[in-house]
Amino acid sequence: MTHLAAGPREQLAVQLAEATCEALRQDLAQQERALLVVSGGSTPVPFFQALSSQALPWERIDVTLADERWVSETDEASNAHLVRRHLLQGEAAAASFVSLTTDDGTPEQGVEEVTRRIEALTWPASVVVLGMGGDGHTASLFPDSRELELGLTTDAPVLAARTPSQPQARITLSADRLHQARRHVLHITGDDKRSVLARALSGDDLRELPIRAFLSCPLAVYWAP
């Protein structure tokens, strides 16, 4: 089902939803379950809404996040809250959502449980949809994070992340785990993000702009002004 798109960002969201749907459908023709990894923030909301009405065997699809703030799922800052509100609706309500948070007080305490959940999923993921901040971060791989080096190099699937520029502690999939996907997408909007991407493409220092960790693999860029 195609939504009537009002502008370029909505049109982009529909195109991305249709491409994601086709990828999931292809993989489900070959395997019992498929995994979709998505990102939070405001950019993916129209994508989530468009994808939620796609006709798929959603009961065979697992959805998880690239990263999460260590807050309650009822908190407006929670990426899980965003996914439940905008993606796990309609047709997609039948999907299984795998949270990156636990009842533990800190992400460091919850890493072991979240690692078990993530390792139980069907890897490689069918699609990993990444976002990017104005500072070049993706997932919770921030330039100023104390755990950036670990996040870029570890083969552990999950790590806690503390970042001076961010108010909440976070948990994130590692770059290694995010690379374990058949298809990678970068979904960004606005001229400022396009400029950051252009700068990232012109250099190779991963610590300056962590999105560079994903520019060497096939990456479909979905951008709208």
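Residues numbered from 1 in each chain as written. Predicted model: local features only at pLDDT ≥ 70, side-chain atom pairs only at ≥ 80, totals over all residues. Heavy atoms only, no water.

*Asks:* I keep staring at the sheet that holds strand S3 (residues 67–69) and nothing clicks. Help me out?
*Replies:* One open sheet accounts for three strands, arranged S3-S7-S6; its pairing is antiparallel. One side of each edge strand has no neighbouring strand; the edge strands of this open sheet are S3 and strand S6 (158–161). The average angle at which neighbouring strand axes cross in this sheet is 20 degrees, direction not considered. As paired strands, S3 and strand S7 (residues 170–173) are joined by three bridges and run antiparallel to one another. In the sheet register, Arg69 faces S7, and the bridge partner there is Arg170. (Pairing = 2+ DSSP bridges. Helix = DSSP H or I, 4+ residues; strand = E, 2+ residues; numbered from the N terminus. Axes fitted to C-alpha atoms, helices over the stretch in contact; angles between N-to-C directions.)

*Asks:* Teacher, can you tell me more about the environment of Ala23 here?
*Replies:* Checked against the element boundaries, Ala23 lands in helix H1 (residues 8–28). Excluding residues within four positions of it along the chain, Ala23 makes contact with Val127 and Arg183. (Contact = heavy atoms within 4.5 Å.)

*Asks:* In this structure, what is going on with the UniProt feature "domain: Glucosamine/galactosamine-6-phosphate isomerase" (unreviewed entry) in the chain? I would like to understand it.
*Replies:* In this structure's numbering, the residues bearing the UniProt feature "domain: Glucosamine/galactosamine-6-phosphate isomerase" (unreviewed entry) are residues 9–215. Taken end to end, residues 9–215 is 34% helix and 16% strand, and its first and last C-alpha atoms sit 22 Å apart. (UniProt positions renumbered as here; feature names shortened; annotations may be inferred.)

*Asks:* In this structure, what is going on with the sheet that holds strand S2 (residues 61–65)? I would like to understand it.
*Replies:* Pairing between the strands of a sheet is mediated by backbone hydrogen bonds and can be parallel or antiparallel. In spatial order, the strands read S4-S2-S1-S5-S8-S9; together these six strands make up an open sheet with parallel pairing. Either end of the sheet is taken by a strand with one partner, and the two such strands are strand S4 (96–98) and strand S9 (220–224). Each adjacent strand pair in this sheet contributes to an overall mean axis angle of 20 degrees, direction not counted. Looking at chain direction, strand S1 (residues 34–38) and strand S5 (residues 127–130) are connected through two bridges and run parallel. Bridging across to S5, Val37 finds its partner in Val128. Running at roughly 155 degrees to S9, H1 makes contact with S1, S2, S5, strand S8 (184–189) and S9 of the sheet.

*Asks:* Got a minute to help me understand the packing of H1 against helix H2 (residues 45–52) in this structure?
*Replies:* A pair of packed helices is characterised by two quantities: the angle between their axes and the separation of those axes. Following both chains from N to C, one finds H1 and H2 inclined at 50 degrees, their axes separated by 8 Å at the closest point. The orientation of H1 with respect to H2, classified from their angle, is oblique. Crossing of H1 over H2 shows right-handed handedness. Counted together, Ala13, Val14, Leu16, Ala17, Thr20 and Cys21 of H1 and Pro46, Phe47, Ala50 and Leu51 of H2 form the full contact between these two elements. Its residues assigned to classes, the contact of H1 with H2 shows nine nonpolar, one polar and no charged. (Parallel < 35°, antiparallel > 145°, perpendicular 65-115°, else oblique. Left-handed = near helix turned anticlockwise from the far one by under 90°. Nonpolar A, V, L, I, M, F, W, Y, C, P; charged D, E, K, R; others polar.)

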